[in-house]
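Observations on chain architecture
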2 protein chains.
Amino acid sequence: MAEYAAPLKDMQFVLKHVVGLDQVNTLPGWDEVTEDVVDAILEEASKFAGEVLSPLNATGDKAGATWKDGAVTTAPGFKDAYWQFVNGGWGNIMAPVEYGGQGLPALLSTPVEEMWGSANIAFKLCPMLTLGAVEALHRNASKELQERFLPNMVSGKWTGTMNLTEPQAGSDLSLVRTKAVPQADGTYLLTGQKIFITYGDQDYTENIVHTVLARIEGAPEGVKGISLFVVPKVLINADGTPGATNGVKCVSLEHKMGIHASPTAVMAYDNAVGYLVGEANRGLEYMFVMMNAARLGVGLEGVSLCERAYQRARDWAVERLQGRPVGVAGAAKTAPIIQHPDVKRMLLTMKASAEATRALAYQVSALLDRSRKHPDEAERRRCQAVVDLLIPVVKGWSTETAFEVASLGVQVHGGMGFIEETGAAQHLRDARISTIYEGTTGIQANDLVGRKVGREAGATMKGLIGEMRKTVAGLAGGEDAELRAIGSRLARAIDALERATDWIVAVYANDPGAVAAGAVYYLKLSGYAVGGWMMARAAAVATRQLAAGEGDAQFLRGKRLTARFFADHLLPQVDSLAESLMAGGALVRGADEALV
Amino acid sequence: MAEYAAPLKDMQFVLKHVVGLDQVNTLPGWDEVTEDVVDAILEEASKFAGEVLSPLNATGDKAGATWKDGAVTTAPGFKDAYWQFVNGGWGNIMAPVEYGGQGLPALLSTPVEEMWGSANIAFKLCPMLTLGAVEALHRNASKELQERFLPNMVSGKWTGTMNLTEPQAGSDLSLVRTKAVPQADGTYLLTGQKIFITYGDQDYTENIVHTVLARIEGAPEGVKGISLFVVPKVLINADGTPGATNGVKCVSLEHKMGIHASPTAVMAYDNAVGYLVGEANRGLEYMFVMMNAARLGVGLEGVSLCERAYQRARDWAVERLQGRPVGVAGAAKTAPIIQHPDVKRMLLTMKASAEATRALAYQVSALLDRSRKHPDEAERRRCQAVVDLLIPVVKGWSTETAFEVASLGVQVHGGMGFIEETGAAQHLRDARISTIYEGTTGIQANDLVGRKVGREAGATMKGLIGEMRKTVAGLAGGEDAELRAIGSRLARAIDALERATDWIVAVYANDPGAVAAGAVYYLKLSGYAVGGWMMARAAAVATRQLAAGEGDAQFLRGKRLTARFFADHLLPQVDSLAESLMAGGALVRGADEALV
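The text that follows walks through the structure, step by step, so that each part is easy to find. All values reported here derive from a predicted model rather than from experimental measurement. (Residues numbered from 1 in each chain as written. Chains lettered and ligands numbered in written order. Predicted model: local features only at pLDDT ≥ 70, side-chain atom pairs only at ≥ 80, totals over all residues.)

For the pair chain A and chain B, the best superposition has an RMSD of 0.0 Å and corresponds to a rotation of 180° with a translation of 0.0 Å parallel to the axis. On the angle and the small slide along the axis, the relation comes out as a two-fold axis. If distances are taken from each C-alpha of chain A to the rotation axis, the shortest is found for S576 of chain A, at 3.1 Å. When the interface residues of chain A are mapped onto chain B, 99% of them are again interface residues, pointing to one common binding face. (Least-squares fit on C-alpha atoms with pLDDT ≥ 70 in both. Contact = placed C-beta atoms within 7 Å.)

For the rest of this paragraph, the subject is the packing of helix α12 (residues 441-454) of chain A against helix α14 (residues 481-508) of chain A. When two helices pack together, you describe them by how their axes are tilted relative to each other and by the distance separating the axes. Residues and elements named next belong to chain A. Axis separation between α12 and α14 bottoms out at 11 Å; the angle between their running directions is 85°. In terms of orientation, α12 lies roughly perpendicular with respect to α14. Packed against α12, whose contacting residues are V449, V453 and G454, the element α14 presents T501, I504, V505 and Y508 at the interface. Residue composition of the contact of α12 with α14, by class: five nonpolar, two polar and no charged. (Axes fitted to C-alpha atoms, helices over the stretch in contact; angles between N-to-C directions. Helix = DSSP H or I, 4+ residues; strand = E, 2+ residues; numbered from the N terminus. Parallel < 35°, antiparallel > 145°, perpendicular 65-115°, else oblique. Nonpolar A, V, L, I, M, F, W, Y, C, P; charged D, E, K, R; others polar.)

To continue, consider the environment of A425 of chain B. For A425 of chain B, the position within the fold is in helix α11 (residues 424-431). Assessed through the 27 C-beta atoms surrounding it within 10 Å, A425 of chain B is described here as buried. Separated by 331 residues in sequence, A425 of chain B and M94 of chain B have C-alpha atoms that sit 32 Å apart. Filtering out sequence-adjacent residues up to four positions away, A425 of chain B remains in contact with M257 of chain A together with V410, G417, F418 and E420 of chain B. (Buried ≥ 20, exposed ≤ 12 C-beta atoms within 10 Å, placed from the backbone.)

All right, on to the pairing of strand β5 (residues 188-198) of chain B then. Residues and elements named next belong to chain B. Counting buried positions along β5 yields eight of eleven residues, so the element is predominantly enclosed. Here four bridges tie strand β4 (residues 179-182) to β5, and the two strands are oriented antiparallel to one another. Bridge assignment links P182 to a residue of β5, and that residue is Y188. In this structure, β5 lies alongside strand β11 (residues 264-277), joined through eight bridges in antiparallel fashion. Counterpart to L190 in the pairing with β11 is A272. (Pairing = 2+ DSSP bridges.)

The partner chain B presents 77 residues to the 78 residues of chain A that form the contact. Listed by contribution, the elements that provide at least two residues to the side of chain A that touches chain B are α9 (341-373), α10 (377-412), α12, α15 (512-517), α16 (519-548), α17 (553-570) and α18 (573-590) of chain A. The leading source of residues in the side of chain A that touches chain B is α18 of chain A, at ten residues. Looking at the side of chain A that touches chain B residue by residue, the class counts come to 34 nonpolar, 25 polar and 19 charged.

Okay, here's the thing in structure tokens:
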């Protein structure tokens, strides 16, 4: 079975020529992130992903992480791969420089993280969660706590987790019950049960730093009474050496549909010593700030799985011989199935989806970098607003798309796709969680239509639509028939997006329930329209480069093909989505639940 | 965990009032199939499904069928359930009367079979395959072979299988290599390997009757050289007693994504004694005739899984408390999630999909009955043409829909949906095979656009469109605003279907590859349009009954709701599907595979 091969050409093309590396490496502190540096890092990462992580993907799925007597054993090879990962410096490329990280821009760490996800999504969750915990502490914890925990978390000597969910508190964290009792020494003793804790235990490292939402005794009810704590698995002595085992343990692992090698722990806190992060009762606020990064990370898993499922299906379709393709001149009686029009359509859907979700994720990463480092505050704010608008789209649309793409990957394999040894089924099973964790698609969609569009009367979305229309104007006026056709489809998609946006703005104030009922349609509509915009921009660049004799002609022709395919086959959905949104919301909001 | 409860009200409503039981029980030989008989049979079947089969669904998934030393052990409880099934007379309700079957119409056996699939799809595959083998022999085998095998197959004493696939011959059966060497006594010795053989071995019965495609030595290459054989696991002595073990065995089972309790066998034939069914070299033809029934059966699995996934998700959504619903007046701070508009939308999508796919499958079953038994040959032929047209739609659309619905079922459960013990994930894994076996969705779609629409210039589809327009006319002229709204959406869907049909008829002769590239879009479009038509008819009946004070008012109001939901939320897809079909085919057909 072929291992994952990073799509370096597309990554570099999007990064340099579509999104624009110069939008980021001209920001303060990142002038060393030159094209050569980017190429070198991506090249090295691709080797690690293909040679170390990818071979562990199927074996990890089969063996899974296991639990015995309160301790987790990770799948064979994972511990060794973890230390290769850490020693190779991959664990800290985004982490803060003052604690030993490399502080690289998101635009560069994003393709690197995409590779980890394509190669082995169960593996990549551990460093992703560690980085989340690092950010939570770096933004909110006292200097003292930071110094105690961050250096070893950034170096990878310890890992980090996020403990939010409880059996009764899933999407609704206001229901968190874990209690924290203040002690005379300023620490707290935490007691309660947390579930769905990714890498809540592992055998990689001597310590694990849990970030935990809990309720200080006597705190207000609901969301305003939740605080954030840091709770190490092993307490740290004053001299920094490991001390006593803390009162927290993994009591079982969940039996999941996918990501078997990622231990999903049930954690029991029994008078565990915890340290308050920041101020009391502001825990949810701290977590939500961090969640933007986490949601971008999960959206990126969608890109990763689109790419991996596509590669596997394409490799199969080139090798597998069955039947004579319909209406293909000169086709053999028994041809590679890639020649069958329906199979080719499925593969193009997969490839175009990988490219569109990728370009969108990279675009948002570049905007994120600018929102953090641009010297002009107005530009920082503008970029932040677009990031906030698009994060739920990246998260919701890319993961929903990945699930469909992984399912097409099974379909391309026919009966063999249903057999586990082929590998296609694993991608589908793994992809299924991505539309749920870090907020379901419905939650992303409600965030989009509510906080991001409804409450600001669509201002940021309208601004983005204006940008998108400029691209259309550029395409419509050109000489290339292919680009004009793409531009015309994109124009229609933008019209649908605007129509839907206007409808939301008009209805939201008086009937938010009707808007919420169609929010997922709007999220998908936004994804297709913005994804189509990215593909159209890519096609325009590819066309210019081809005319100028620059770049890899085969790659550039492929980009024109997938852009046109996206426009003709996938973009037409926007009209139906707009229609379902606008026609059907009130019916659902008003429907008697007894009839549902 | 709640067990499956058959949706008897909807089954009876569709059967009696939408499709029309009188279309079938007025046919010769079926006058005893009165409303009371139907009610009694459905009632009994629902008990067996809910009390015996449903409790084995999750345990069967977990334990799976296992293989040791050439023999299969089925999951705990399955053997006992099989004998209860047989002794209850459920195995032979469709089987021919002359061999001990009950010969009931498809319109009645279809809801019964739907129940088996909802309760336990892995279980129901065994009797489904047996019936397929019975039909193959009943249609094509000599009287002698029929008498030797059919009585015990019909009684359930023996089971039957279909052995088509080989490693190199999946969808393309022309590549079958299993060879059959004629013997002096008129028998053949078969040698070769077959894969993906459902219930190729089991521990239920003392014998298994395999129907096997093989190539007689010296037969022509390709599809014209394939013959059908019957090969028992245990040879039968002249006096009917069991004889020597035949040269066929199960050498391993596949490790699949779902339907774990259904053993999927690799079968090795080593000079196994086989008996030729019908004439030499006509095996594929015999199999394809039988395949219509099998495809209807698999399409029905789509209905079954829609219903089961819906029931489980609804039960969860009523119990699970999370958050305050957006825009719902008077909602509690922590409400049942069914009140959240997005969750309600998902549940309505699931319910409406179950109802629409059900109504379509029952309609096709009634037409199938008429195509077999109507005294007027012209009516028989008319019904057969519509059945032939709609079988690929039932198979392809209902199973694709079931996969989406099962995925929504996981989504409604949130994180719990990804945990196997909840049960939602099993339905998704089980559903995944249904779009593949008995011909992938792509193969169904090519059958639809080619053999069924392209070659007859759309004649049967145009006839059906005419029927559908009559329904629209009835709705448009009425006083009920709800029905008028549904009628208006349906009219638009019919326009899209006609536009797409005209396009196919115009393009097929000269560019069949472009049609094939968009065939799946057309199949889905047909499914939504015809499903929308069934829902509209159901809504019209429900409205009449409500006005007349007949029937169960709560049920009828629910039917009006799902019909309107289907029209406003799901039907709008038809325009986009038509657009993708007509815009994108030539691009795919002409695309260089090296760029895909």
